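Given next are the chains, with one letter for each unit.
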Amino acid sequence: MRFAVCALLLTLASAVAADDLPATPAVRKAIPDRLVVLTFDDSAKSHYTIVRPLLKQYGFGATFFITEGFDFPTNKKDYMTWDEIRELHDDGFEIGNHTRDHLGISDKTVGRLPEQLQAIADNCRTHGIPAPVTFAWPGNAMTPAAFETLKAHGIRFARRGGAPEYPYDEGRGFAYEPGLDDPLMVPSAGDARPKWTLPDFIRAVDQARDGRIAVLQFHGVPDTAHNWVSSSQQNFEAYLKYLHVERYRVIALRDLQEFVDPEVAPADYRRVIESRREALNPPKTDTTPGKDR
Ligand SMILES: [Zn+2]
């Protein structure tokens with residue numbers, strides 16, 4: 001009897017301990033609910049003029065993914081200067097790599113990735129900014145053939161879009177699940193679009209719970225060169241206010257290293273993508289009542 005009581009107590013104790021432990025070796029430290037990563041792509045001028053002061057007002061962290069693609073070198077009405085990018089770094093924001101030419105990475109173009117990463121890293125160093133440790137896949141095109149190159153260039157986390165789980169159009173996505181998603185294929189829980197309103201934003205960030213992290217993708221606020229991914233200042237201010245009022249913790253992508261070990265990758269990142277797709281589109285043939293599965 002005494003043995004049985006001891007065994008019961010031991011079982012209870014280990015159950016409590018198991019709850020406190022990270023569920024996967026990818027997790028270094030328990031991930032709090034309401035953890036959000038804000039990311040801003042394509043070096044838009046409004047990142048400096050509009051986004052920067054608003055983020056500073058709330059004390060939020062963020063990552064700005066820099067590319068010199070499009071007409072960045074000559075068009076300083078729509079794109080930041082490197083001095084403005086350096087100011088973002090000086091403010092404590094993260095500067096991430098988005099390739100020199102905004103090159104879509106595929107099995108055919110992956111050979112050009114090293115020079116694309118190096119060019120941005122070199123310009124960062126020239127302007128007193130450390131070489132980036134995070135990356136955003138341009139045009140949300142991606143291939144695992146790039147993983148070794150990204151790692152060799154010091155990239156710890158790489159952010160993708162909401163596809164392939166969701167179609168590109170509405171900007172919907174799943175939250176990042178460390179241990180299941182590859183750190184080099186971090187999904188966007190939301191990819192802000194001009195038609196988005198506060199409920200779309202809430203749907204994205206509300207996923208930040210139970211060990212999942214909501215990584216948000218924005219372009220310009222507004223995006224004066226790419227209107228199909230623009231966000232209005234008015235809506236953006238409402239999104240930030242929501243995060244503040246609801247007490248979200250808002251950080252840059254590099255800051256995930258506090259919670260997630262970027263060295264730990266799943267055996268196959270496609271598994272979680274497939275299971276999400278199946279959850280969204282259950283197979284129709286398995287719904288017959290009484291059918292033996
Ligand atoms: Zn981009």
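Each chain has its residues counted from 1, running along the sequence as written. With the structure being a predicted model, the display of local features is reserved for residues of pLDDT at least 70 and the display and counting of side-chain atom pairs for 80 or more, all residues being used for whole-chain, interface and lining totals.

As annotated in an unreviewed UniProt entry, the chain is Polysaccharide deacetylase from Caulifigura coniformis. UniProt positions are given in the numbering used here, feature names are shortened, and annotations may be inferred rather than shown by experiment. Recorded in UniProt for the chain, the comment headed Subcellular location (unreviewed entry) runs: "Secreted".

Caption draft 1: Inspection of the overall build of the chain at higher detail. Segments assigned H or I by DSSP are reported as helices when at least four residues long, segments assigned E as strands when at least two residues long, and all are numbered from the N terminus. Counting secondary structure elements, the chain contains eight helices and eight strands. Whether a residue is buried, exposed or partly exposed is read from the other C-beta atoms within 10 Å of its own C-beta, which are placed from the backbone; 20 or more gives buried, 12 or fewer gives exposed, and intermediate counts give partly exposed. The 293 residues of the chain split such that 40% are buried. Distance between backbone-placed C-beta atoms decides contact: two residues are in contact if it is within 7 Å. Partitioning the intrachain contacts of the chain with sequence separation of at least 6 by distance along the chain shows that 73% fall at a separation of at least 24.

Caption draft 2: Expanded view of helix H6 (residues 198-205). Of all the positions in H6, only Phe201, Ala204 and Val205 are classed as buried. Across the axial projection of H6, the buried residues extend over an arc of 90 degrees, all falling on one side. In the core, the buried residues of H6 are packed alongside strand S1 (35-41), strand S6 (190-191), strand S7 (214-218) and helix H7 (233-245). When we speak of the arc, we mean the arc of directions from the helix axis to the C-beta atoms.

Caption draft 3: Structural detail: the nonpolar core. To define a nonpolar core, we join buried Ala, Val, Leu, Ile, Met, Phe, Trp, Tyr and Cys residues through C-beta atoms within 7 Å and take the resulting set. Of all hydrophobic cores here, the largest spans 67 residues; its most connected members are Val36, Val37, Ala158, Ile213, Ala214 and Leu216. With five residues, the single largest contributor to this core is S1. In contact with Ala214, other than residues within four places in its own chain, are Val36, Ala175, Ala189, Ala204, Val205, Gln207 and Ala208.

Caption draft 4: Examining the pairing of strand S2 (residues 63-66) more closely. Every second residue of S2 is oriented toward a common face, with Thr63 and Phe65 on one face and Phe64 and Ile66 on the other, all of them buried. Across three bridges, the pairing between S1 and S2 is parallel. Within the sheet, the bridge partner assigned to Thr39 lies in S2 and is Thr63. Handedness of a crossover is defined as follows: with both strands directed away from the viewer, a clockwise route from the first strand across the helix to the second makes it right-handed. Assessed by its sense of winding, the connection that carries the chain from S1 through helix H2 (residues 45-58) to S2 is right-handed. By the convention used here, strands pair only if DSSP detects at least 2 bridges between them. The pairing of S2 with strand S3 (residues 94-97) spans four bridges and is parallel. Along S3, the bridge assignment pairs Phe65 with Gly96.

Caption draft 5: Fine view of the pairing of S7. Within S7, five of the five residues are buried, which leaves it mostly tucked inside the rest of the structure. Across the two faces of S7 the burial is the same, with Ala214, Leu216 and Phe218 and Val215 and Gln217 all buried. Bridge count between S1 and S7: five bridges; the pairing is parallel. Across the sheet, the residue bridging to Thr39 is Gln217, located in S7. Of the strand pairs in this sheet, S6 and S7 are connected by two bridges, and their pairing is parallel. If you follow Asp191 over to S7, its bridge partner there is Gln217.

Caption draft 6: The packing of H6 against H7, seen in detail. Axes here mean lines fitted to C-alpha atoms, for a helix over just the part in contact, with angles spanning 0 to 180 degrees between N-to-C directions. Two numbers describe how H6 lies on H7: the axes approach to 10 Å, and their chain directions differ by 40 degrees. With respect to each other, H6 and H7 are oriented oblique. Classified by chirality, the crossing of H7 by H6 is right-handed. Together, Leu198, Phe201, Ile202 and Val205 of H6 and Ala238, Tyr239, Tyr242 and Leu243 of H7 make up the contact between the two elements. Its residues assigned to classes, the contact of H6 with H7 comprises eight nonpolar, no polar and no charged. Any angle that is under 35 degrees is reported as roughly parallel, and any over 145 degrees as roughly antiparallel; angles of 65 to 115 degrees are reported as roughly perpendicular and all others as oblique. In this scheme, a crossing is called left-handed if the near helix is turned counterclockwise away from the far one by less than a right angle; it is called right-handed if the turn is clockwise. Throughout this entry, Asp, Glu, Lys and Arg are counted as charged residues, while Ala, Val, Leu, Ile, Met, Phe, Trp, Tyr, Cys and Pro are counted as nonpolar. The remaining residues, Gly among them, count as polar.

Caption draft 7: Looking closely at the packing of H2 against H7. Look at H2 against H7: their axes get within 11 Å of each other, and the N-to-C directions meet at 20 degrees. With respect to each other, H2 and H7 are oriented roughly parallel. Handedness of the H2/H7 crossing: right-handed. Between H2, through Ile50, Leu54 and Tyr58, and H7, the contact on the second element is made entirely by Gln233, Glu237, Leu240 and His244.

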